[in-house]
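Tertiary structure, described
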Amino acid sequence: MATEVLQTQVIQKAWEDASFREKLMTDPKSAIRDVLGVVIPDHIQIKTLEETPDQFFLVIPPDPSGVLAASQKPRSMW
């Protein structure tokens, strides 16, 4: 499952289900596993933040040049 699709599913579910949103805020890996059946590896960290109408979070992804060296093959993403 592509991360963009998973992200969209998680957000939609959080909008629809207050108990899922609450668990997502406190234990995102368990919430995602329990509801969507997706197990996120231990080495992946997830931090959940909830925006408000007057607060916006800008997420800057890692610089791709620092993620993969030219000699490395890309690894699959969760």
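None of the values given here were measured: they were computed from a predicted structure.

This part takes up the confidence of the model for the protein. This prediction gives the protein a mean pLDDT of 87; 83% of its residues lie at or above 70. Confidence, read as mean pLDDT per element, is least for helix α4 (residues 64-67) in the protein (75) and greatest for helix α2 (residues 18-26) (96).

Of all hydrophobic cores here, the largest spans 10 residues; its members are L6, V10, A14, F20, L24, A31, I32, V38, I40 and I44. Counting only elements with at least two residues in this core, the list comes to α1 (3-16), α2 and α3 (28-36). Per element, the largest residue contribution to this core is 3 residues, and it comes from α1. When near neighbours in sequence (up to four residues on either side) are disregarded, A14 contacts F20, R21 and L24.

Before going further, it helps to spend a moment on the packing of α2 against α3. Between α2 and α3, whose axes approach to 5 Å, the crossing angle comes to 140°. By the angle between their axes, α2 is oblique relative to α3. Counting all contacts with α2, which are made through F20, K23, L24 and T26, the residues of α3 involved are P28, S30, A31, I32, D34 and V35. Looking at the contact of α2 with α3 residue by residue, the class counts come to 6 nonpolar, 2 polar and 2 charged.

Our focus in this paragraph is the environment of I40. The topology assignment puts I40 in the loop between α3 and α4. Of the residues examined, I40 reaches a relative accessible area of 6% and is grouped as buried.

Definitions and limits used
- Residues numbered from 1 in each chain as written.
- Predicted model: local features only at pLDDT ≥ 70, side-chain atom pairs only at ≥ 80, totals over all residues.
- Heavy atoms only, no water.
- pLDDT = per-residue confidence, 0-100.
- Helix = DSSP H or I, 4+ residues; strand = E, 2+ residues; numbered from the N terminus.
- Core = buried A, V, L, I, M, F, W, Y, C linked by side-chain atoms within 4.5 Å.
- Buried < 20%, exposed > 50% of the residue type's maximum accessible area, 1.4 Å probe, protein only.
- Contact = heavy atoms within 4.5 Å.
- Axes fitted to C-alpha atoms, helices over the stretch in contact; angles between N-to-C directions.
- Parallel < 35°, antiparallel > 145°, perpendicular 65-115°, else oblique.
- Nonpolar A, V, L, I, M, F, W, Y, C, P; charged D, E, K, R; others polar.

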